[in-house]
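Now for the letters of each chain:
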Amino acid sequence: MERYNSGISNLGNTCFMNAAVQSLFGVAIELIDEFLELQNVQPGLLHEFIEVAKELFDGRKKVINISKLKKEAGKQVAAYEGFEQQDSLEFLNHLIQWLDEDDLTGSKVSDTFYGQYNNSICCSHCDFVRSSCEKFMDVFVELPAKNVCDLSDCLATVFKDDELTDWKCPKCVMHRDAIKKKSIKKLPKVVIMQLDRLQGEFDGVTYVIKKNTALVNYPLKDLTFNLFMEEEAVENSRYDLY
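Predicted model only: the values in this text are computed from it and were never measured.

(A) Structural view of the overall build of the protein. Counting its regular elements, the protein contains seven helices and 14 strands. For the protein, the spread of C-alpha atoms along the principal axes amounts to about 65 × 50 × 35 Å. Long-range pairs, those at least 24 residues apart, make up 60% of the contacts in the protein between residues at least 6 apart in sequence. Surface accessibility of the protein: about 14,600 Å² in total, with carbon and sulfur atoms responsible for 48%. On the protein, the mean spot of the 28 positive side-chain charges and the mean spot of the 39 negative ones are 1 Å from each other.

(B) Fine view of the packing of aromatic side chains. In the structure shown here, the tally under the stated rule is twelve aromatic pairs. Ring geometry for Tyr80 versus Trp98: centroids 6.2 Å apart, planes at 80 degrees, classification edge-to-face. Of this pair, Tyr80 sits in the loop between α4 (67-76) and α5 (88-101) while Trp98 sits in helix α5, and the two are 18 residues apart along the sequence. For the pair formed by Tyr80 and Trp98, the shared burial category is buried. Centroid distance Tyr117 to Phe159: 5.9 Å. Interplanar angle 70 degrees. Geometry classified as edge-to-face. Note that Tyr117 is positioned in strand β3 (residues 115-123) and Phe159 in the loop between α7 (151-158) and β7 (162-169), a separation of 42 residues in sequence.

(C) Inspection of the environment of Met174 at higher detail. Following the sequence through the fold, Met174 ends up in strand β8 (residues 174-186). When sequence neighbours within four positions are dropped, the list of residues in contact with Met174 reads Trp167, Lys168 and Cys169.

(D) Expanded view of unusual backbone geometry. Unlike most non-glycine residues, Asn40 shows phi in positive territory, near 55 degrees. Along the chain, Asn40 turns up in the loop between α2 (29-36) and α3 (45-58). Looking at Asn40, the relative accessible area reads 66%, which means it is exposed.

(E) Representation of the pattern of salt bridges. In this structure the tally under the stated criterion is six salt bridges. Here Asp58 makes a salt bridge to Arg60, at a shortest N to O gap of 2.7 Å.

(F) Expanded view of the nonpolar core. Residues Val21, Phe35 and Phe91 are the most contacted members of the largest nonpolar core, which totals 40 residues. Looking at this core, the elements with two or more residues in it are α1 (15-27), α2, α3, α4, α5 and α6 (108-113). The dominant element in this core, judged by the number of residues it contributes, is α3, at eight residues. Apart from residues no more than four positions distant in its own chain, Phe35 is found in contact with Leu46, Phe49, Ile50, Leu99, Thr105 and Val109. Phe136, Leu143, Phe159 and Val216 belong to the second largest nonpolar core, which has 20 residues in total.

(G) Summary view of the pairing of β8. Strand direction decides the pairing type here: β3 and β8, joined by eight bridges, are antiparallel. Residue pairing across strands places Ile121 opposite Lys180, the latter belonging to β8. Note that β7 and β8 share six bridges and pair antiparallel. Along β8, the bridge assignment pairs Cys169 with Met174. Between β7 and β8, which pair antiparallel one after the other, the connecting turn spans four residues, and Val173 there sits at a positive phi close to 55 degrees.

(H) Spatial organisation of the sheet that holds β3. Spatial ordering of the open sheet is given by β4-β3-β8-β7, a layout of four strands whose pairing is antiparallel. Edge positions in the sheet fall to β4 (129-136) and β7, since each of these pairs with one other strand and no more. If you compare each strand with its neighbour and ignore which way they point, the axes differ by 35 degrees on average.

(I) Representation of the packing of α1 against α5 in the model. Where α1 meets α5, the axes come as close as 8 Å, and the angle between the chain directions of the two elements is 55 degrees. Relative to α5, the element α1 lies oblique. Crossing geometry of α1 relative to α5 is assigned as right-handed. Between α1 and α5, the contacting residues are Phe16, Met17, Ala19, Ala20, Val21 and Leu24 on the first element and Ser88, Phe91, Leu92, Leu95, Ile96 and Leu99 on the second. Tallied by class, the residues present in the contact of α1 with α5 amount to eleven nonpolar, one polar and no charged.

About the cut-offs
Residues numbered from 1 in each chain as written. Predicted model: local features only at pLDDT ≥ 70, side-chain atom pairs only at ≥ 80, totals over all residues. Heavy atoms only, no water. Helix = DSSP H or I, 4+ residues; strand = E, 2+ residues; numbered from the N terminus. Contact = heavy atoms within 4.5 Å. Areas by Shrake-Rupley, 256 points an atom, 1.4 Å probe, with all protein chains shown as cover. Lys, Arg positive; Asp, Glu negative; His and termini not counted. Charge placed at Lys NZ, Arg CZ, Asp CG, Glu CD. Phe/Tyr/Trp six-rings, centres within 6.5 Å; stacked < 30°, edge-to-face > 60°. Buried < 20%, exposed > 50% of the residue type's maximum accessible area, 1.4 Å probe, protein only. Salt bridge = Lys/Arg side-chain N within 4 Å of Asp/Glu carboxyl O. Core = buried A, V, L, I, M, F, W, Y, C linked by side-chain atoms within 4.5 Å. Pairing = 2+ DSSP bridges. Axes fitted to C-alpha atoms, helices over the stretch in contact; angles between N-to-C directions. Parallel < 35°, antiparallel > 145°, perpendicular 65-115°, else oblique. Left-handed = near helix turned anticlockwise from the far one by under 90°. Nonpolar A, V, L, I, M, F, W, Y, C, P; charged D, E, K, R; others polar.

Structure (structure tokens):
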């Protein structure tokens, strides 16, 4: 739960950065508390992030300035040096990645925000299975071409089986039909989902980007990933919306 009452000033068109930082403080209070206990933090992005946390939690200022954090972000990605609008989710992903790369944070960030997929391909002839693991930070969800949909149905499309018709099976040593599956091997404490609302269409002359304005129904509490977990996974897969 949030425990800060301060806002963040807008430095030009940097509301994308403010939204990402405030979201992070809203969903990862335990992680932020662990950051505040770190010792010997050297000047840099993690240091400035912790300074932002101190000011937000202190509450004496109604509005705080995060220009020093922005400056550190600009050292990492040139696009953040200026004052133009950027993608908020992209900045959030960058921020999580930078915090995770700092040696002082250990596995704290990855345990909070990183999950793991299991991708497998099964030969339809001999049942040989080839598997590989894939780390993920956010779940990319495509929306159907209709006006109203449920988030659970959208997630089902992310994890639906795909039929392959020309896969070379290492065991059969020839091309076979196969089934490609995706499941969740490990869930993070916080699941970030991205709804794919921007879709490209070719109108015969140019490639046009259109926005899918479908209404997505979603539960405020107890969103479950049980249907998409590996059978042996026993961890709690229920989440509340932030």
